[in-house]
Amino acid sequence: MRSDQLFLITGATGNTGAPTVEMLLDAGHRVRAFVHRTDQRSEALAAKGAEIVEGDLLDFRAVSSAMSGVSAAYFCYPIAPGSLVLATTIFAQAASEAGVRAVVNMSQISARREAKSNAAQQHWLAERLLDRAAFGTTHLRPTFFAEWLKWQWMRDGNEGVLRLPFGNGRHAPISGVDQARVIAAILQNPAPHDRQIYPLVGARELDHYGIADELSDALAMPVRYEPVDIPTFAAALTDLGRTEFFVQHISSVAQDYQDGIFAGENNLVEVISGHKPMSVADYVNANRAAFDHDGPFATRKQPLAS
């Protein structure tokens, strides 16, 4: 049966937004998918029953219009210079005017007042802004996504390589799908989660040597982790055309990672969603084709640190 609830999902074609849309539709709800532009991904969501709205989260009129009749909303904003706090303000005001009862906010595990990353500090400020609203708020602070494994992946002949500036730090990679399960669960029952901050992690904490071993077992091929220093990695990202804002963020959180900010294990994904999170092997098996070629952030041309 179709429910009378309407959910607004921003970033609706992204790693967390797209599966959230599908899960809510499968549960019988109406879903309005807010996208920056229409393309094959949004067309696929429309074919499954989502209402597609094209717009910019910095356009107050567009956001206000999209918020009409919405029961609860998911807010997700990309890493972009100088825009997150403004986008959050617009989203919060539009949600308040529309009588939205709850907002699930995608933050990050490095969000804190003293964060060196400009993006991470803005996430912390955005959280505090949303906490002042009358509607319920839940902040999700995921560790590094499992998707980074394919984004940073390189093939070197019959071997795989992860070339990253993370030293001996550790984390439990979490997939976008597992985060979507949490998002969908909270949107449908937001009251118990009001004003909560949830650090979301995957199945098992590993360093990148351990992650390389898991990849090797899953892909049945040798995989090695090659640590680089942070300035070398930052230069490689710049050479790939990434923005100064993005490079500053990644450089800062790489140090956070080495300092243990991204580490830890918990059972929040299972408790909130009712599903155990995917392991590294699970993720690889679900995305095997992505490991046949270099990822978009692969830094092949940069020399290794000595």
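A few points on the structure.

Cut-offs used in this document
- Residues numbered from 1 in each chain as written.
- Predicted model: local features only at pLDDT ≥ 70, side-chain atom pairs only at ≥ 80, totals over all residues.
- Heavy atoms only, no water.
- Helix = DSSP H or I, 4+ residues; strand = E, 2+ residues; numbered from the N terminus.
- Buried < 20%, exposed > 50% of the residue type's maximum accessible area, 1.4 Å probe, protein only.
- Contact = heavy atoms within 4.5 Å.
- Areas by Shrake-Rupley, 256 points an atom, 1.4 Å probe, with all protein chains shown as cover.
- Core = buried A, V, L, I, M, F, W, Y, C linked by side-chain atoms within 4.5 Å.

Within the protein, the secondary structure is distributed over 12 helices and 12 strands. When each of the 306 residues of the protein is scored for burial, the buried share is 56%. Sequence separation of 24 or more characterises 76% of the internal contacts of the protein that already satisfy a separation of 6 or more. For the protein, the exposed surface amounts to about 13200 Å²; the carbon and sulfur share of it is 50%.

Attention shifts here to the nonpolar core. Ranked by size, the top nonpolar core spans 36 residues in total, and within it Trp-148, Trp-153, Leu-215 and Phe-291 carry the most contacts. Within the residue set of this core, elements represented by two or more residues are α6 (147-151), β8 (159-164), α8 (208-219), β12 (223-227), α9 (230-239), α10 (244-258) and α12 (280-286). With six residues, the single largest contributor to this core is α10. Beyond its immediate sequence surroundings of up to four residues, Leu-215 is in contact with Trp-153, Leu-162, Val-223, Val-280, Val-284 and Phe-291.

A few words on unusual backbone geometry. At Arg-195, a position not held by glycine, the phi torsion is positive, near 65°. By the secondary structure assignment, Arg-195 is in the loop between α7 (176-188) and β10 (196-200). The backbone of Ala-220 sits at a positive phi, close to 55°, despite the residue not being glycine. Turning to its location among the elements, Ala-220 is positioned in the loop between α8 and β12. Residue classification places Ala-220 among the exposed residues on the basis of a relative accessible area of 71%.

So, about the side chain of Ser-107. Structurally, Ser-107 is set in the loop between β5 (102-106) and α5 (118-131). Judged by its relative accessible area of 4%, Ser-107 is buried. If we ignore the near neighbours within four places in the chain, the residues touching Ser-107 are His-123, Glu-127, Leu-140, Arg-141 and Pro-142.

Geometric values such as these leave the question of function open.
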